[in-house]
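Observations on chain architecture
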Amino acid sequence: MDKLVQLTRIAFSSTFSFYVKAHSFHWNVEGRDFYEYHKLFEEIYNEVYGSIDDFAENIRKLDAYMPTSYHTLSMLTRIEDENRVPNKDQMVQELLMDSEKILIILKKNYDAAEAAGEHGLSNFLAERMDAHKKHAWFLRASIKEQQ
Ligand SMILES: [Fe+2]
């Protein structure tokens, strides 16, 4: 398969699993600051979910098909599943590490899109990097110990 298509499918699938994880954390978070984290995770999953359709259509624009099953998505994603219910600090830490991983995946995808002259796709990926950078900032700031 074309390298750019494969990288874009990996970036899509990783984004999709990040979305699923953030939404499940929104549902499962508990603790004294429940509402604050419930809302933080909601803001993140909503923003990421809002990119999913455009992401998929960018793959179709490359004349490639979208993964059609959970199985295929799980083979492509680089984000590890969370099968437990972590505590809220662990949730934030995990989403932060996943955000940093997604930033690396998106950058690799961006470089391949630029090299292929697919500037529409690279623009889209640059916007996604910016959005995930912001998510990483919010997550990092919410677990930082104050001086
Ligand atoms: Fe909700």
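Residues numbered from 1 in each chain as written. Predicted model: local features only at pLDDT ≥ 70, side-chain atom pairs only at ≥ 80, totals over all residues. Heavy atoms only, no water.

Below, the discussion takes up the environment of Phe 41. Here Phe 41 lies in helix H2 (residues 34-61). For Phe 41, a relative accessible area of 0% puts it in the buried group. Distance in space between the C-alpha atoms of Phe 41 and Tyr 19 is 9.7 Å, their sequence separation being 22 residues. Ignoring sequence-local partners within four residues, the contact set of Phe 41 consists of Ala 22, Phe 25, His 26, Val 29, Met 91, Val 92, Leu 95 and Leu 139. (Helix = DSSP H or I, 4+ residues; strand = E, 2+ residues; numbered from the N terminus. Buried < 20%, exposed > 50% of the residue type's maximum accessible area, 1.4 Å probe, protein only. Contact = heavy atoms within 4.5 Å.)

A cluster of acidic side chains, namely Asp 53, Asp 54, Glu 57, Glu 127 and Asp 130, defines a negative patch on the protein surface. Elements with a minimum of two residues in the negative patch: H2 and helix H5 (119-143). Counting residues per element, the negative patch draws most heavily on H2, at three residues. Assessed through its relative accessible area of 55%, Asp 130 is described here as exposed. (Patch = residues over 30% accessible without salt bridge, like charges linked within 9 Å, V, L, I, M, F, W, Y side chains within 5 Å. Areas by Shrake-Rupley, 256 points an atom, 1.4 Å probe, with all protein chains shown as cover. Salt bridge = Lys/Arg side-chain N within 4 Å of Asp/Glu carboxyl O. Lys, Arg positive; Asp, Glu negative; His and termini not counted. Charge placed at Lys NZ, Arg CZ, Asp CG, Glu CD.)

Now for the packing of helix H1 (residues 3-28) against H2. Here H1 crosses H2 at 155°, and the two axes come no closer than 8 Å. Overall, the two elements H1 and H2 adopt an arrangement that is roughly antiparallel. For the pair H1 and H2, the sense of crossing is left-handed. Residues Thr 8, Arg 9, Ala 11, Phe 12, Thr 15, Phe 16, Phe 18, Tyr 19, Ala 22, His 23, Phe 25 and His 26 of H1 pack against His 38, Phe 41, Glu 42, Ile 44, Tyr 45, Val 48, Tyr 49, Ser 51, Ile 52, Phe 55, Ala 56 and Ile 59 of H2. Grouping the amino acids of the contact of H1 with H2 by side-chain chemistry returns 16 nonpolar, six polar and two charged. (Axes fitted to C-alpha atoms, helices over the stretch in contact; angles between N-to-C directions. Parallel < 35°, antiparallel > 145°, perpendicular 65-115°, else oblique. Left-handed = near helix turned anticlockwise from the far one by under 90°. Nonpolar A, V, L, I, M, F, W, Y, C, P; charged D, E, K, R; others polar.)

Function-wise, these values are silent; they only describe arrangement.
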